[in-house]
Amino acid sequence: MPSIDLTGKVAVVTGSGRGLGLAYAHALAAHGASVVVNDIDRAVAEQAVTSLTAAGGTAVAEVVPVGTAEAADRLVGRAVAEFGRLDILVTNAGILRDKVLWKMTDDDFDAVVTTHLRGTFTCARAAAVRMREQGEGGTLILVGSPAGQRGNFGQTNYSAAKAGIAAMARTWSMELARAGITVNAIVPVAATAMTETIPAFAPYIVALRQGEPLPGFLRKGHGFGTAEDCAAIVPFLASEHARTVTGQAIGIGGDKVALWSHPQETAAAYADGGWSAEALADVWPVSVGAAPQSVGIPAPEVPGS
């Protein structure tokens with residue numbers, strides 16, 4: 001098995017005070033990277049740094065809400081000031097403001113898009129500037145979601161932001177290729193405070209907190225596990241073994257790792273001279289529309305139910 005050694009590398013992980021972000025930070029530190037932890041709660045951020053250093057890692061905290069260019073500059077600047085460089089960025093910070101469309105306010109929408117989508121953009125831009133100045137390549141790991149791949153009821157803002165993040169990963173992988181900077185979106189599925197808001201998963205997350213293991217049909221069939229189960233993809237993508245992996249959306253969770261397809265045409269029909277509305281109505285049910293695409297995150301099916 002190949003060895004993954006990130007000694008001498010420096011990472012910024014946004015939203016890494018707890019949950020998935022903290023798991024990513026621990027995975028990077030365990031493989032030798034120095035980590036800038038980020039959270040909006042100073043006590044949480046400092047506790048995360050304590051846990052990393054207690055495990056033998058090197059870490060500092062930068063307390064700032066992501067979204068603005070100033071926040072991004074602070075994070076990149078802290079990495080450079082403390083450790084002299086920046087090699088890895090993981091854009092994990094996120095919030096939820098779930099409501100159905102007709103109840104979602106402008107503030108609900110803007111808050112989620114600012115943190116997830118604008119926060120990813122501003123942090124990636126600042127990191128790309130620094131990595132290009134260093135001239136030694138780098139790694140951008142953008143955190144997506146199944147909601148961004150398939151939509152999710154009550155998550156207009158979150159789904160839109162996560163879909164945008166996957167699109168940015170594909171775009172930036174092209175723009176940054178000559179600089180040797182890889183860009184990928186990861187699509188983690190884990191028992192977290194966010195996924196506990198999905199009714200189908202909630203009972204299993206509650207049971208997990210009470211010490212019960214997640215059942216095999218969830219870990220394998222649905223790729224649903226703990227935050228730690230999702231973390232291995234981060235040091236892998238940051239390593240030399242993944243230098244040719246870029247522009248991808250990679251799902252991970254439980255016992256499963258998967259490659260998501262990019263959106264593409266699944267059926268087509270043609271009419272000489274173009275289409276009329278009547279012709280579309282005639283052809284749709286038996287050609288292009290014969291097998292419509294599904295939407296939403298599939299609920300777990302309990303074996304034997």
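Whatever comes next refers back to the structure up there.
Residues numbered from 1 in each chain as written. Predicted model: local features only at pLDDT ≥ 70, side-chain atom pairs only at ≥ 80, totals over all residues. Heavy atoms only, no water.

### As for the packing of helix 4 (residues 106-134) against helix 6 (residues 156-175)
Next, step 1: Orientation of helix 4 relative to helix 6, taken along the N-to-C sense of each, is 15°, at an axis distance of 8 Å. By the angle class used here, helix 4 and helix 6 are roughly parallel. Between helix 4 and helix 6 lies a crossing of right-handed hand. Between helix 4, through D108, F109, V112, V113, H116, L117, T120, F121 and A124, and helix 6, the contact on the second element is made entirely by T156, N157, Y158, A161, K162, G164, I165, M168 and W172.
Next, step 2: By residue class, the composition of the contact of helix 4 with helix 6 is 11 nonpolar, five polar and two charged. (Axes fitted to C-alpha atoms, helices over the stretch in contact; angles between N-to-C directions. Helix = DSSP H or I, 4+ residues; strand = E, 2+ residues; numbered from the N terminus. Parallel < 35°, antiparallel > 145°, perpendicular 65-115°, else oblique. Left-handed = near helix turned anticlockwise from the far one by under 90°. Contact = heavy atoms within 4.5 Å. Nonpolar A, V, L, I, M, F, W, Y, C, P; charged D, E, K, R; others polar.)

### Description of the sheet that holds strand 6 (residues 181-188)
Next, step 1: The strand order 3-2-1-4-5-6-7-8 describes an open sheet built from eight strands, whose pairing is mixed. Looking along the sheet, the strands with just one partner apiece sit at the ends: strand 3 (58-63) and strand 8 (256-260). Geometrically, the sheet is characterised by an average inter-axis angle of 20° between neighbouring strands, direction not taken into account. (Pairing = 2+ DSSP bridges.)

### Points about helix 1 (residues 19-30)
Next, step 1: With 12 residues, helix 1 extends 17 Å from end C-alpha to end C-alpha; this agrees with the ideal 16 Å at 1.5 Å per step.
Next, step 2: Where burial is concerned, most of helix 1 is hidden: nine out of the 12 residues are buried.
Next, step 3: Looking only at helix 1, the buried set comprises L20, G21, L22, A23, Y24, A25, A27, L28 and A29.
Next, step 4: In the segment just after helix 1, G32 is the residue with positive phi, at about 105°. (Expected span 1.5 Å × (residues − 1). Buried < 20%, exposed > 50% of the residue type's maximum accessible area, 1.4 Å probe, protein only.)

### Structural notes on the pairing of strand 7 (residues 249-253)
Next, step 1: Among the five residues of strand 7, five are classified as buried, and the element is accordingly described as predominantly covered.
Next, step 2: In strand 7, alternate side chains face the same way, and those of A249, G251 and G253 on one face and I250 and I252 on the other are all buried.
Next, step 3: Relative to strand 7, strand 6 runs parallel, the two sharing four bridges. Paired with V187 across the bridge in strand 7 is G251.
Next, step 4: Bridge analysis of strand 7 against strand 8 gives five bridges, and the strand direction is antiparallel. Of the residues in strand 8, the one forming a bridge with I252 is V257.
Next, step 5: As consecutive antiparallel partners, strand 7 and strand 8 are separated by two residues, and within that stretch G254 has a phi angle of approximately 55°, a positive value.

### Regarding the packing of aromatic side chains
Next, step 1: Applying the stated criterion across every chain yields a total of two aromatic pairs.
Next, step 2: A centroid spacing of 5.9 Å and a plane angle of 80° characterise the contact between Y204 and F217, whose relative ring orientation is edge-to-face. Remark: F217 occurs in helix 8 (residues 216-221) and Y204 occurs in helix 7 (residues 202-209); sequence separation between them is 13 residues. (Phe/Tyr/Trp six-rings, centres within 6.5 Å; stacked < 30°, edge-to-face > 60°.)

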